[in-house]
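Listed here are the chains, written in short residue letters.
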Amino acid sequence: PPMEITTAMLCDFAQVREGLLFISSGGVTRCHREELPAPINVFMALVIELDRIEAQRPHSMRVHIADEDGREIADVNGTFEFGSAEMLLLEENPTIPIALDVRNAPVERYGPVQMSIYLDGEFRRSVTLHVMQSPEG
């Protein structure tokens, strides 16, 4: 199978250590803010599965964060690669865990925030965070 995002979620905290993805309080879909502008205050956790051929070259990744009018909140760009395909077992598709700290992306209005994920310039998946006003006291 070609390169695929098998996991994409928002969470309170994410990190990659020793090739493993650690997620705390995953599956965030809403955030409450008393006042705006305010930081978005979430991490994005991704797992990307590659095939053996794709594992042998670097790939680009972009996460475009925008409000419901398409106004850009943040744009995160990077690259990833697996390394040597000789390390793989027969029939093993390598996975790449990625933790993105987008906590400081500034939200200026209530409503949905769309986080669109592109791999090698091609749209692959999106995750939505609903920014809501905190309920009164």
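See the structure shown above.
All figures in this text were calculated on a predicted structure; none of them were measured in a lab.

Undergrad: Just to check I follow, could you spell out the pairing of strand β11 (residues 122-133) for this structure?
TA: Within a regular strand, side chains alternate between the sheet's two faces. With four bridges joining them, strand β3 (residues 30-33) and β11 adopt parallel strand pairing. Across the sheet, the residue bridging to Arg 33 is Gln 133, located in β11. Across nine bridges, the pairing between strand β10 (residues 111-119) and β11 is antiparallel. Bridge pairing links Val 113 to Leu 129 in β11. Hairpin remark: β10 followed by β11, antiparallel, with two residues in the connecting loop; positive phi at Asp 120, about 50°.

Undergrad: Explain the sheet that holds β10 to me, please; I cannot follow it from the model alone.
TA: Sheet strands pair by backbone hydrogen bonding; their relative direction is either parallel or antiparallel. The mixed open sheet is built from five strands, whose spatial order is β3-β11-β10-β6-β7. A single partner strand is all that each edge strand has here, and the edge strands are β3 and β7 (72-80). This sheet shows a mean twist of 20° between the axes of neighbouring strands, independent of strand direction. Strand direction decides the pairing type here: strand β6 (residues 59-67) and β7, joined by eight bridges, are antiparallel. From the neighbouring strand, His 59 faces β7, where its bridge partner is Phe 80.

Undergrad: For this particular structure, what's the right way to read the sheet that holds strand β2 (residues 20-26)?
TA: The four strands are arranged β2-β1-β5-β8 in an open sheet whose pairing can be described as antiparallel. If you trace the sheet from one side to the other, it starts and ends with β2 and β8 (95-101), each paired once. The mean inter-strand angle of the sheet, taken between neighbouring strand axes irrespective of direction, is 40°.

Undergrad: What should I look at first to understand the pattern of salt bridges in this one?
TA: Two side chains bearing opposite charge may form a pair once their charged atoms approach each other closely. Tallying each qualifying case throughout the model produces nine salt bridges. A salt bridge links Arg 17 to Glu 18, with the shortest nitrogen-to-oxygen separation between them at 3.2 Å. Across this residue pair, the class does not change: Arg 17 and Glu 18 are exposed. The closest approach of N and O atoms between Arg 109 and Asp 69, which form a salt bridge, is 2.3 Å. Placement of Arg 109 in the loop between β9 (106-107) and β10 and of Asp 69 in the loop between β6 and β7 is noted, with a sequence separation of 40 residues between them. The partly exposed category is assigned to Arg 109, whose relative accessible area is 29%. Look at the salt bridges and you will find they share partners, linking Asp 67, Arg 71 and Glu 108 into a network.

Rules used throughout
Residues numbered from 1 in each chain as written. Predicted model: local features only at pLDDT ≥ 70, side-chain atom pairs only at ≥ 80, totals over all residues. Heavy atoms only, no water. Pairing = 2+ DSSP bridges. Helix = DSSP H or I, 4+ residues; strand = E, 2+ residues; numbered from the N terminus. Axes fitted to C-alpha atoms, helices over the stretch in contact; angles between N-to-C directions. Salt bridge = Lys/Arg side-chain N within 4 Å of Asp/Glu carboxyl O. Buried < 20%, exposed > 50% of the residue type's maximum accessible area, 1.4 Å probe, protein only.

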